[in-house]
Amino acid sequence: LIDRLGSGNFGTNVYGNFLAGLILVIGTGAKLMIQKRLHRLACYGLCIVLICALWLTGTRSALAAAITSQIIIFMMLSKGSKSRKTLTYIAGVIALFVFSIFAYKYGAKLAATGVFSGDYSYDGDASSINTRLILWGITLKMIADNYLFGVGNMVWNFLKYDYESPFAVLLDPHSDYLNYLVSYGVFIGLGLITYLYIYPLSRFSKVRAFYYENNFSAKCFFVFLAFMLPILISSFSNSNTAKHQVFFIFCFISMCCIRFCRDATNKTFYTQITPIK
C-alpha cells in the first residue's frame, strides 16, 4: 500500500537512522535499567514495532547500522574476552561477505554510469550510490577551496552549482562528517566531530570498569551511547544532523554521555541501582 515509510521533517533515510537509534536506546535501556519483567517485555514489544517501521522505510544503511550497533554494544558489555574475540571474528567475516556482494552488485553498474570518470549518466539501480559519490566529490573540492573557515551552515546548497552539480534540487553532502568540515572549516569541523562523536565513544573502556561494579551512571552512559552508535555509523553516508531536530537531540544525547561518564568515574552518583518496581 505504500512505497517507503518516511517523515515529512526527517525525510526517509534520516528517519530510518533515527528509528535505529530509538530501537537501540529502548532495547539497551530495558536490558540494563528495568528490573520488572513485564515492563521489560513492553519495551521489547515497542522495539519490535519500531523494527517493523524501520523495515518499511527501506533504508538499508539504517538496518545495517542497527545490527552493527547491537553487536558493538554486546562486545562492549561482554565481560569474557573469549566471547568478544569470537564475535569480532564472526562480525568481520559477515562484514567482508556483505561488502563483497555489494562490490560485485554495484561496481560494474557504477563504472557504466561514468561516475568515476566524471561523465555522469543516471542509472536507477545505482542512483543512490551514484548520488553520494558525486556529492562527496563536490564537497571535497569545496572543502579544499574553503578549508580554513568553511562556507557556512547550509550554504553548500547554493555553491554546489559552481562545482558542476548535476542535481537541480535541494540536497546535502550526504555525510555528517563532510558536512561539518565544509560548513565550519577543517579545524572547527574536526573539533565538533571529535567532541560530539569521537570523545563520548572513546570513553567506553574507562566507563566499562564501573559498569561491572553495577554503577548507575555507567549504565546510563551505555544506554545513551546505544542511541549514538547507529547515528555515528550512518553519518558516513547520510547528513543526519543537517536536520536541526536530529542535531539538537544528538547533541543532548552526546552531552548526557559525557556527563554520565564523568559521574561514573568520579562516583558522584549512587553505585548500586535501585530496582524499579
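All values derive from a computational prediction rather than experimental measurement.

1. Quick word on the packing of helix H7 (residues 176-184) against helix H8 (residues 186-202)
With their axes 6 Å apart at the nearest point, H7 and H8 run at an angle of 140° to one another. The pairing of H7 with H8 is recorded here as oblique in orientation. Pair H7 / H8 crosses with right-handed handedness. In this structure, H7 uses Asp176, Tyr177, Tyr180, Leu181 and Tyr184 to contact H8, whose residues at the interface are Val186, Ile188, Gly189, Leu190, Leu192, Ile193, Leu196 and Tyr197.

2. Let's talk about the nonpolar core
Nonpolar side chains in soluble globular proteins generally cluster together in the buried interior. Tyr197, Phe221, Phe222 and Leu225 are the most contacted members of the largest nonpolar core, which totals 62 residues. Of all the elements, helix H10 (residues 216-234) adds the most residues to this core, at 13 residues. In contact with Phe221, other than residues within four places in its own chain, are Pro200, Arg203, Phe204, Val207, Cys257, Phe260 and Cys261.

3. Topic: the pattern of salt bridges
Oppositely charged side chains are able to pair whenever their charged atoms sit close together. Counted according to the given criterion, the structure contains one salt bridge. Residue Asp263 is joined to Arg259 by a salt bridge in which the shortest nitrogen-to-oxygen separation is 3.1 Å. One end of the pair is Asp263 and the other is Arg259, both in helix H11 (residues 244-266) and four residues apart, which spans about a single turn.

4. A word on the packing of aromatic side chains
This structure, assessed with the given rule, holds 12 aromatic pairs. With a centroid separation of 5.8 Å and 85° between ring planes, the pair formed by Phe18 and Phe227 is classed as edge-to-face. Residue Phe18 is found in helix H1 (residues 13-33), and its partner Phe227 is found in helix H10; the two are separated by 209 residues along the sequence. Phe227 shares its class with Phe18; the two are buried. With a centroid separation of 4.8 Å and an interplanar angle of 35°, the aromatic rings of Tyr197 and Phe250 are classed as tilted. Of the two residues, Tyr197 sits in helix H8 while Phe250 sits in helix H11, which places them 53 residues apart along the sequence. You'll find Tyr197 and Phe250 in the same group, each marked buried. Each member of the aromatic cluster is reached from another via a ring pair, and the members are Tyr177, Tyr180, Tyr184, Tyr197, Phe236 and Phe250.

5. Some points on helix H9 (residues 204-211)
For H9, every residue scored as buried is listed here: Val207, Arg208, Phe210 and Tyr211. All buried residues of H9 project into a common sector of 160° when viewed along the axis, lining one side.

6. Some thoughts on a nonpolar patch on the surface
Taken together, the side chains of Trp55, Leu56, Leu63 and Ile67 define a hydrophobic patch exposed on the protein surface, amounting to about 430 Å² of accessible area. Mapped onto the nonpolar patch, the elements with two or more residues apiece are helix H2 (37-57) and helix H3 (60-77). Along the chain, Trp55 falls in helix H2.

7. Some details on the packing of H9 against H11
Running from N to C, H9 and H11 point in directions that differ by 50°, and their axes come no closer than 9 Å. With respect to H11, the axis of H9 lies oblique. Of the two possible hands of crossing, H9 and H11 adopt the one that is left-handed. Residues Lys206, Val207 and Phe210 of H9 form the contact with H11, whose own contacting residues are Cys261, Ala264 and Thr265. Split by residue class, the contact of H9 with H11 holds four nonpolar, one polar and one charged.

Definitions and cut-offs
Throughout, a residue's number is its position along its own chain's written sequence, starting from 1. The predicted origin of the model limits local features to residues at a pLDDT of at least 70 and limits the giving and counting of side-chain atom pairs to 80 or more, whereas totals for whole chains, interfaces and linings rest on all residues. Side-chain figures throughout are based on the complete set of non-hydrogen atoms in the structure, without hydrogens or water. Fitted lines through C-alpha atoms serve as axes, helices being fitted only where they are in contact, and the angles separating the N-to-C directions of these axes extend from 0 to 180 degrees. Numbering of helices and strands runs from the N terminus; a helix is a DSSP stretch of H or I covering at least four residues, while a strand is a stretch of E covering at least two. Orientation is classified from the angle alone, with under 35 degrees giving roughly parallel, over 145 giving roughly antiparallel, 65 to 115 giving roughly perpendicular, and any other angle giving oblique. Helix crossings are classified by the rotation of the near helix relative to the far one: an anticlockwise turn of less than a right angle makes the crossing left-handed, while a clockwise turn makes it right-handed. Contact definition: two residues touch when any of their heavy atoms are within 4.5 Å. The set of buried Ala, Val, Leu, Ile, Met, Phe, Trp, Tyr and Cys residues whose side-chain atoms join them within 4.5 Å is what this entry labels a nonpolar core. Only protein chains enter the accessibility calculation, which uses a 1.4 Å probe. A residue is then buried if its area is under 20% of the maximum for its type, exposed if over 50%, and partly exposed in between. Think of a salt bridge as a Lys or Arg side-chain nitrogen and an Asp or Glu carboxyl oxygen that are within 4 Å of each other. Each pair of aromatic rings taken from Phe, Tyr and Trp, with Trp reduced to its six-membered ring, is defined by centres within 6.5 Å and is described as stacked if the planes are under 30 degrees apart, edge-to-face if over 60, and tilted in the remaining cases. Working note: the arc is built from the helix axis to C-beta atom directions. Each patch is built from residues lacking any salt bridge and having more than 30% relative accessible area; the joining distance is 9 Å for like charges and 5 Å for nonpolar side chains (Val, Leu, Ile, Met, Phe, Trp, Tyr). Note on areas: Shrake-Rupley with a 1.4 Å probe; residue coverage comes only from the protein chains shown. Classification used: nonpolar for Ala, Val, Leu, Ile, Met, Phe, Trp, Tyr, Cys and Pro, charged for Asp, Glu, Lys and Arg, polar for all others including Gly.

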